[in-house]
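Below are the chains, spelled out letter by letter.
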Amino acid sequence: TEVRAPIYILSKNRAETISTHKLLDQDNLPYRIVVEPQDLKAYADRFTPDQLLPLDKNDQGVVYVRNYIKDNAYSMGDLYCWMLDDDMLGYEYRVNGKRHTTTPRPLMSIVEQSCFQFGNIGGANLSSAAYLFGHDGGPPVVYNSQIYGVQLLRTDTRARFRPYVAEDTDYSLQLLHDNWVTLVFKRF
């Protein structure tokens, strides 16, 4: 269960409360925490330099950060990249009505394997753990729907995160308009 795309964690002013890295550390998955210059020292006290990716400007907003990540991954030659929020606590699933927890590696690996075998997947996401129990019925994967949250994004698309709109919805619509497919993984 390999995870090949680089993992970026968006974080602002949460050096002491960030939690997503703990999940990734459990699986020995490398990641970069994307932080503003004004927050760098606070994060540098807890993380190594190779775990941090400082932005070039302060207070530009989430749209700027998401585009910066996508551009950074593209410039590094990565066709896909993961974008994760900094407050993830875990993933739960149900088998025969009983709750179980898992770490991100197996889930992220399945999403990547599904996306990498086709040339037309513009983005995918894992449904939030908060929503997994609501997905007992219906298809395990929904095609051409809004992607959000834990996102695997293709870096060479024309889609850009834009301000003053619901950025995840807008981004998904841009992908669909340009004939890319989106995948929402709801159950495994």
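Residues numbered from 1 in each chain as written. Predicted model: local features only at pLDDT ≥ 70, side-chain atom pairs only at ≥ 80, totals over all residues. Heavy atoms only, no water.

Before going further, it helps to examine the overall build of the protein chain. Check the secondary structure of the protein chain and you find six helices and 10 strands. Taken along its principal axes, the extent of the C-alpha atoms in the protein chain is 45 × 40 × 30 Å. Taking all 188 residues of the protein chain together, 46% fall into the buried category. Split by element, the accessible area of the protein chain, about 9,800 Å² in all, is 51% carbon and sulfur. (Helix = DSSP H or I, 4+ residues; strand = E, 2+ residues; numbered from the N terminus. Buried < 20%, exposed > 50% of the residue type's maximum accessible area, 1.4 Å probe, protein only. Areas by Shrake-Rupley, 256 points an atom, 1.4 Å probe, with all protein chains shown as cover.)

Two numbers describe how helix H3 (residues 62-75) lies on helix H6 (residues 167-177): the axes approach to 11 Å, and their chain directions differ by 40°. Accordingly, the angle class assigned to the pair H3 and H6 is oblique. Touching Val62, Val63, Arg66 and Lys70 of H3 are Glu167, Asp168 and Tyr171, all from H6. Residue composition of the contact of H3 with H6, grouped by class: three nonpolar, no polar and four charged. (Axes fitted to C-alpha atoms, helices over the stretch in contact; angles between N-to-C directions. Parallel < 35°, antiparallel > 145°, perpendicular 65-115°, else oblique. Contact = heavy atoms within 4.5 Å. Nonpolar A, V, L, I, M, F, W, Y, C, P; charged D, E, K, R; others polar.)

Let us look at the nonpolar core. Judged by nonpolar contacts, the single largest core of 33 residues is most densely connected at Ile7, Ile33, Trp82 and Met108. Elements with a minimum of two residues in this core: strand E1 (7-10), helix H1 (20-26), strand E2 (32-35), strand E4 (80-85), helix H4 (104-116), strand E7 (121-126), strand E9 (150-154) and strand E10 (181-185). Looking at which element gives the most residues to this core, the answer is H4, with four residues. Ignoring any residue separated from it by four or fewer positions in sequence, one finds Ile33 in contact with Ile9, Ser11, Ile18, Tyr43, Phe47, Gln51, Leu52 and Leu53. In terms of nonpolar packing, the next biggest core, distinct from the first, is built from 19 residues, Met83, Leu153, Leu175 and Trp180 among them. (Core = buried A, V, L, I, M, F, W, Y, C linked by side-chain atoms within 4.5 Å.)

In sheet architecture, strand pairing relies on hydrogen bonds along the backbone and comes in two forms, parallel and antiparallel. Taken together, the eight strands give an open sheet; going across it, the order is E3-E2-E1-E4-E9-E7-E10-E8, and neighbouring strands pair in mixed fashion. Both edges of this open sheet fall to strand E3 (52-54) and strand E8 (141-143), since each of them pairs with a single strand only. Strand-to-strand twist in this sheet, taken as the mean axis angle between neighbours without regard to direction, amounts to 25°. Relative to E3, E2 runs parallel, the two sharing three bridges. Bridge assignment links Ile33 to a residue of E3, and that residue is Leu52. (Pairing = 2+ DSSP bridges.)

On to the packing of aromatic side chains. For the structure on display, the rule yields four aromatic pairs. With a centroid separation of 5.1 Å and an interplanar angle of 40°, the aromatic rings of Tyr80 and Phe116 are classed as tilted. Pair noted here: Tyr80 is in strand E4 and Phe116 is in helix H4, with a separation of 36 residues, a long-range link. By relative accessible area, Tyr80 is classed as buried at 5%. (Phe/Tyr/Trp six-rings, centres within 6.5 Å; stacked < 30°, edge-to-face > 60°.)

A few words on H6. Inspection of H6 places Glu167, Asp168, Asp170, Tyr171, Ser172, Gln174 and Leu175 among the buried residues, and these make up the whole buried set. In this fold, the buried residues of H6 make contact with H3, E7, E9 and E10. At the C-terminal side of H6, Asn179 shows a positive phi close to 70°.

Take the environment of Leu84 next. Structurally, Leu84 can be placed in strand E4. When the C-alpha atoms of Leu84 and Tyr148 are compared, they prove to be 9.5 Å apart, with 64 residues separating the residues in sequence. In this structure, Leu84 is in contact with Ile7, Tyr8, Ile9, Leu10, Thr20, Leu24, Met108 and Val150, ignoring residues within four places of it in sequence.

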